[in-house]
Each structure stands twice: as structure tokens, then as C-alpha cells.
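Residue-level structure breakdown
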Amino acid sequence: MSNTLGTDTATGRQSQGTPGAGGAAESALPTPPRAAARRRGRVKMRLEIALLSGPAIIIFLAFVIFPVALAAFYGFYRWHGYGAPTDWVGLNNYKLILTDPAFQQVLWHSGLIMVLSLVIQGPLAITLALLLNQKIRGRSVIRILIFVPYVVSEVIVGTGWSLMLQSNGAVNDLLSHIGLGSLQAEWLSDPNLALWTLMGIISWKYIGFAVILMLAGLQSIPTELFEAAQIDGASYWQVQRRITLPLLGPTIRIWAFLSIIGSLQLFDLVYIIWGQYVAGTAGTSTMAIYMVAQGRSAGNYGYGSAVAVVMFLISLVVALIYQRFVLRRDLRGAVTEGAN
């Protein structure tokens, strides 16, 4: 009797201990309702992402990817712009582009414009932004005057400067009236001056955008850092070198990226001021000018489409390289995985 009771008691203890161990193991795993809720949450998040990004993706595919693919298709033909393309030339258009000395020249011009834009506009924009970030009289008016050229249409800017920079234009006339007639020059037709004239116009027009970006970056820097540096005895230039410029780095890099892409695709100002033929002799022709002159104006839309594809690939490669080696530090951590 006692043995039976002891056995039953031990068995009861064992049976009571087993569910306890199993309950602890099961409590460590997510319950089915919680897992189902997580799945519904993920599905809901994906639907929201698709709903919000779907229209932008459709527009991007319709107005960027599809035209590039269509241009690549036409680039394999000798096509005059009407009817179905039938004169297949394969890669001959692309081979001609890469071996054409005229294209190599405009590629050099575009690269030079890109470098000069960074060298001229960057330091000037930072200097003006530092000045306008101080409490000076008329600061708002100066900001507006600097930014106005950026919002003015390229057609108006190009037409106005082309009239003022002619041989008998306002610039030479002004130099003559103030006793500097020896400085009169052929600002638009002289190959030694035309590129610098273009850089002056570009800097005048787009410096406002760079200044606004730099001002936004400066205003995002906490003022406590400047106050602490001044308490430690740092001079004005030491503060700018050690604090302002490093913290302004992301803004500078973003502006430089936009300036690089804009320089590679420059067309409107050159076309309005110089035209597609004078730009070649004046040394201001760009890849976009070459595309129009050799494509649409020459009636060879297939070749022009191939030039457009080459321009796209050059811009894409430059953008990827810049993002890989320059913007990487700014993009790191910008996209994070969702919390589990």
C-alpha cells in the first residue's frame, strides 16, 4: 500500500513537472496570434510602400527608363525621324561617337565646365553664405538679389547676356565710357575668352542656388558649438576650419553632385547664346549641343539617339562613382532595417 502510494506520488510529481518544462519552452516561442499579427503588419507596410511609391515608379519608368530604352533601340539604326527604322547599322553609331574627334572635344569641354563650376562656385558660395549668415543690415535684400538670377528663365538670361556681350553691346560700351576701352574684347567669338565668358554667366546664374543650400546647412549647425569654441579661445578662422566646414560637408557634397550632373547635361545657355555652330568654333560646345547638331539638325535621329544614350551612360557612371566614393559617408545609416 505504501509502495503504491509512493509510486503514485512520484508519478504525480513527474507528471506535474513535465507540463511545467513544456510550458516554459512554449512561452519562449511566439504564439500563433502574435506571429499572424506580425505577418499582417508586414503585408500592410508593403502595401503602404507600394501605394505611396507606385505613382513615382510609374512616372519614372514612363519618362526616364522607357525613353532611354527607346533611344538605345533607335541608336542601332540609321533613322531620319519618321517611319519605322529599317536601316540597321548595329554598333556603328556608337563606334563613330567614340572615335569622332568632335565628340572628344565636346567631352573635354563638358569636363572642363564641370571642374570650373566646382572650383569657382564652391568657394564663392561658401564665402557668401558665411557673410550672409552674419547679422548685417540688408541681409534679406542681398539674399533675394543673389537668388533672383537662379529663378529667371534660361531663355531670358541667355538672350540678355548675348545682347550685352556683343561687339557693340552694353559691356564694351560701358568699358569705353569709363576709360577702359583697352579691355574691350570679342567676349562671345574669341576662343580664348568664350569659355570664361560662359563660366561667368553660369556662375552668375547658379550661384544663388548654391548660397541658399550653404545657408541652410549653416543654420542647421548648433550655435553652442561656436560658443564653446569661442570660450576656448578659438579664432574666427579656426572656428570655420575646425567646426563649420566639417559640419557643412554633407551640404557641400550634395551641391557638388548636383553641379556635376548639371554641367554634364548643359545645353540651354550655350544654345541660346552661341548656337549649335558658333559654339563649336568658340570652344563652348557641350555633349548636348553635339547631340542636337549631329542628330536633329543633320536629320540623323538614329545617331542623335545613340549620342543621348552615351550621355546617359556617362552621367550614370559619374553619379555611381561619386555616390560610391563621396556620398557613401552621408548615405550610411540613412536606410535602416525595420525593428523586429
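Residues numbered from 1 in each chain as written. Predicted model: local features only at pLDDT ≥ 70, side-chain atom pairs only at ≥ 80, totals over all residues. Heavy atoms only, no water.

Some remarks on a positive patch on the surface
Threshold: Here, patches come from residues exposed beyond 30% relative accessible area and free of salt bridges, joined within 9 Å for like charges and within 5 Å for nonpolar side chains (Val, Leu, Ile, Met, Phe, Trp, Tyr). Exposure was quantified through the Shrake-Rupley algorithm and a 1.4 Å probe, taking into account, for residues, occlusion by the shown protein chains and nothing else. A pair is scored as a salt bridge if a Lys or Arg side-chain nitrogen falls within 4 Å of a carboxyl oxygen belonging to Asp or Glu. Positive charge is attributed to Lys and Arg, negative charge to Asp and Glu, and no charge count is given to His or to the chain ends. Charge placement uses NZ in Lys and CZ in Arg. For Asp and Glu, CG and CD serve respectively. Burial classification: accessible surface area is computed with a 1.4 Å probe over protein chains only, and a residue below 20% of its type maximum counts as buried, one above 50% as exposed, and the rest as partly exposed.
Taken together, the side chains of R34, R38, R39, R40, R42 and R46 present a region of like positive charge at the surface. Under the relative-accessibility criterion, R39 is labelled partly exposed at 47%.

Thoughts on the confidence of the model for the protein chain
To keep it simple, the criterion reads: Confidence of the predictor in every single residue is expressed as pLDDT, which spans 0 to 100. Only DSSP runs of H or I covering at least 4 residues are called helices, and only runs of E covering at least 2 are called strands; the numbering of each starts at the N terminus. In this analysis, two residues are considered to be in contact whenever any of their non-hydrogen atoms come within 4.5 Å of each other.
Residues with a pLDDT of 70 or more make up 88% of the protein chain, whose mean pLDDT is 85. When mean pLDDT is taken per element in the protein chain, helix α4 (residues 101-132) scores highest with 94 and helix α1 (residues 2-28) scores lowest with 46. Counted against residues more than four places away or in other chains, residues 1-27, with its pLDDT under 50, gives zero contacts. Every residue in residues 335-340 scores below 50 in pLDDT, and together they form zero contacts with partners more than four places removed in sequence or on other chains.

A short note on the pattern of salt bridges
Opposite charge on two side chains allows them to pair when their charged atoms are near. Applying the stated criterion across every chain, the model contains two salt bridges. The partner of R78 in a salt bridge is D87, and the shortest N-O contact between them spans 2.9 Å. E154 is the salt-bridge partner of K205, the closest N and O atoms lying 4.0 Å from each other. Remark: E154 occurs in helix α6 (residues 154-164) and K205 occurs in helix α8 (residues 191-219); sequence separation between them is 51 residues. Given a relative accessible area of 0%, K205 falls into the buried group. The class for E154 is partly exposed, based on a relative accessible area of 23%.

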